[in-house]
Amino acid sequence: MQRHKRRLGIVGFGKLGQYLYKEFHTNQSLSEHFEICFIWNRTPIKNQESYNFNILENLEDFARFRPDLIIEVAHPNISKTWAKKFLQSSDYFIGSPTAFCDPLFEKDILGFLPSCKNKVYIGKGALSGLSELQEYAKLGMIQKLQITMEKAPESINYQGPLPFSLQSMADIKKDSVSLFRGSVRQLGNFAPNNVNTMVIASLASGLGLDKTQGELIASPRLQYHNVSWCLEGPKLGNSQTFKLEMKKHNPSELGAVTGSLTYASFMQSVKKAQGQQQGVLNFC
């Protein structure tokens, strides 16, 4: 008996969307289990005739293609507008979790999930140590969480207040500069394309976006996306505070928003996005 392939709809066809298409289309081991039923992009897709997929021009028509899983890799606003509509017909993979920085969306979607028959997934992206965060969250051992991300100015789209432009950092001989330090919720609104990793950690830790502290640093000529986090727990038997630290240096092309290793990590998360629990956020 032929096994049903998991039908995927991809919303967004930038670098990450194109990477997913290429992997699912050319990798035989994947194509045996998955098929792309549509792709939608905010702007017309160039060289459409060279791709083997259905181009969805009007996102309202998504259900006509009977997707099992819709993968968002476009913009946080997609989830704000479409998440609940998608979930009426299929599972949904949120690729831009900074959408949760909008408190109205966060409250709305979390309130909707318990009555939803389909499932929501969030990939770990560039976050290392996801399982540890979840483990200590279940044990109630996370009291503080600080996350720092460091990138080259060309890789940062920062919309918060600054006394200078990021493009001018080299000209004015600036070294590393902290652009923001405060709640992840506020930082996510200032840099929605850059701090998805922070949002994932905030949600997975159970502390939430208001209590988790984030810092975004711009460092000229940096060829990595550096991510580090430190959690603090309660004092243990010897009255010393429990701490856990994690650091990651993710190679990156100059100007790239997404680090090189994150593509493969995202792909693995999409492959795992089936089954799991209804009514909650599933991290994979």
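Here is a short report on the structure shown in this document. Bear in mind the structure is a predicted one, so any value in this text is a computation, not a measurement. (Residues numbered from 1 in each chain as written. Predicted model: local features only at pLDDT ≥ 70, side-chain atom pairs only at ≥ 80, totals over all residues. Heavy atoms only, no water.)

## Side note on the overall build of the protein chain
Note the following rule: Only runs of H or I of at least four residues qualify as helices and only runs of E of at least two qualify as strands under DSSP, and these elements are numbered from the N terminus. This radius of gyration counts C-alpha atoms alone. The globule rule is 2.2 Å times how many residues there are, raised to the power 0.38. For each residue, the accessible area found with a 1.4 Å probe, counting protein chains only, is set against the maximum for its type, and the residue is called buried under 20%, exposed over 50%, and partly exposed in between. A contact between two residues is defined here by any heavy atoms of the two lying within 4.5 Å. In summary, the charge assignment counts Lys and Arg as positive and Asp and Glu as negative, without counting His or the chain termini. Where a charge lies is defined by one atom per residue type: Lys uses NZ, Arg uses CZ, Asp uses CG and Glu uses CD.
Summing up its helical and strand segments, the protein chain has 8 helices and 11 strands in all. For the protein chain, whose C-alpha radius of gyration is 20 Å, the value lies close to the compact-globule estimate of 19 Å for 284 residues. Across its three principal axes, the protein chain shows a C-alpha extent of roughly 60 × 50 × 35 Å. For the protein chain, buried positions account for 52% of its 284 residues. A separation of at least 24 residues holds for 72% of the contacts in the protein chain among residues at least 6 apart in sequence. Positive and negative side-chain charges of the protein chain, numbering 32 and 24 respectively, have mean locations separated by a distance of 3 Å.

## Quick notes on the environment of Gly208
Structurally, Gly208 is set in the loop between helix H7 (196–205) and strand E8 (213–218). Its relative accessible area of 18% is what places Gly208 among the buried residues. Each C-alpha atom, one on Gly208 and one on Phe100, is 9.8 Å from the other, the two residues being 108 residues apart in sequence.

## Some remarks on the side chain of Ser205
The condition that has to hold: Any N or O atom pair separated by 3.5 Å or less is treated as a polar contact, with the protein-specific requirement of one donor-capable and one acceptor-capable atom, and with residues adjacent in sequence counted only for side-chain atom pairs.
As for its position among the elements, Ser205 is in helix H7. A distance of 3.0 Å separates the side chain of Ser205 from the backbone oxygen of Ser202, its partner in a polar contact. Looking at Ser205, its side chain comes within polar contact range of the main-chain nitrogen of Leu207, at 3.2 Å. In this view, Ser205 contacts Leu133, Ala137, Ile142, Leu145 and Thr212; residues no more than four positions away in its chain are not counted.

## Considering the pattern of salt bridges
Our working rule: Between Lys or Arg on one side and Asp or Glu on the other, a salt bridge is scored when a side-chain nitrogen of the former is within 4 Å of a carboxyl oxygen of the latter.
The full count for this structure, using the stated rule, is 7 salt bridges. When the shortest N-O distance is used, the salt bridge between Glu35 and Arg7 registers 3.5 Å. Separated by 28 residues along the polypeptide, Glu35 in strand E2 (residues 34–40) and Arg7 in strand E1 (residues 6–11) bring together distant segments of the chain. Three or more residues are tied together by salt bridges with common partners; here these are Glu106, Arg185 and Asp210.

## Details of the packing of helix H3 (residues 76–87) against helix H4 (residues 103–112)
Note the following rule: Lines fitted to C-alpha atoms define the axes here, with helix axes fitted over just the stretch in contact, and angles between the N-to-C directions of these axes take values from 0 to 180 degrees. Oblique is the label for any angle not under 35 degrees, not over 145, and not in the 65 to 115 range, which are roughly parallel, roughly antiparallel and roughly perpendicular in turn. Charged means Asp, Glu, Lys or Arg here, nonpolar means Ala, Val, Leu, Ile, Met, Phe, Trp, Tyr, Cys or Pro, and polar covers whatever is left, Gly included.
Taken N-terminus to C-terminus, the directions of H3 and H4 make an angle of 5°; their axes are 11 Å apart at the nearest point. Regarding the angle of H3 to H4, the classification is roughly parallel. On H4, the residues that touch Ser79, Lys80, Ala83, Lys84 and Leu87 of H3 are Phe105, Asp108, Ile109 and Phe112. Along the lines of polarity and charge, the residues of the contact of H3 with H4 split into 5 nonpolar, 1 polar and 3 charged.

## Here's the deal with the sheet that holds strand E3 (residues 69–72)
This is how it is decided: We call two strands paired when DSSP finds no fewer than two bridges between them.
Taken together, the 6 strands give an open sheet; going across it, the order is E2-E1-E3-E4-E5-E11, and neighbouring strands pair in parallel fashion. The open sheet is flanked by E2 and strand E11 (281–283), the only strands paired with a single partner. The average angle at which neighbouring strand axes cross in this sheet is 25°, direction not considered. Examined bridge by bridge, strand E5 (residues 120–122) and E11 share 3 bridges and lie parallel to one another. The partner of Tyr121 across the bridge, within E11, is Asn282. Contacts between H3 and the sheet are confined to E1, E2, E3, strand E4 (91–94) and E5, with E4 contributing the most and set at about 160° to the helix.

## Re the packing of aromatic side chains
The following threshold applies: Pairing of aromatic rings covers Phe, Tyr and the six-membered ring of Trp, with a centre-to-centre limit of 6.5 Å; geometry is then stacked below 30 degrees between planes, edge-to-face above 60, and tilted otherwise. Ring-over charges, as used throughout, are those where CZ of Arg or NZ of Lys falls within 6 Å of the ring centre and within 35 degrees of the ring normal.
Applying the stated criterion to the full structure yields 13 aromatic pairs. Between Phe38 and Phe65 the ring centres are 5.9 Å apart and the planes differ by 50°, which places this aromatic pair in the tilted class. Linking Phe38 in strand E2 with Phe65 in the loop between E2 and E3, this pair joins segments that are 27 residues apart in sequence. Accessibility classification places Phe38 together with Phe65 in one group, the buried group. Centre to centre, the rings of Phe100 and Phe105 are 5.2 Å apart; their planes meet at 65°, and the pair counts as edge-to-face. Among the residues examined, Phe100 registers a relative accessible area of 0% and is labelled buried. Its relative accessible area of 7% is what places Phe105 among the buried residues. Clustering of aromatic rings is evident, with ring pairs tying together Phe62, Trp82, Phe86 and Tyr92. Cation over ring: Lys85 sits above Trp82, and NZ or CZ is 4.7 Å from the ring centre.

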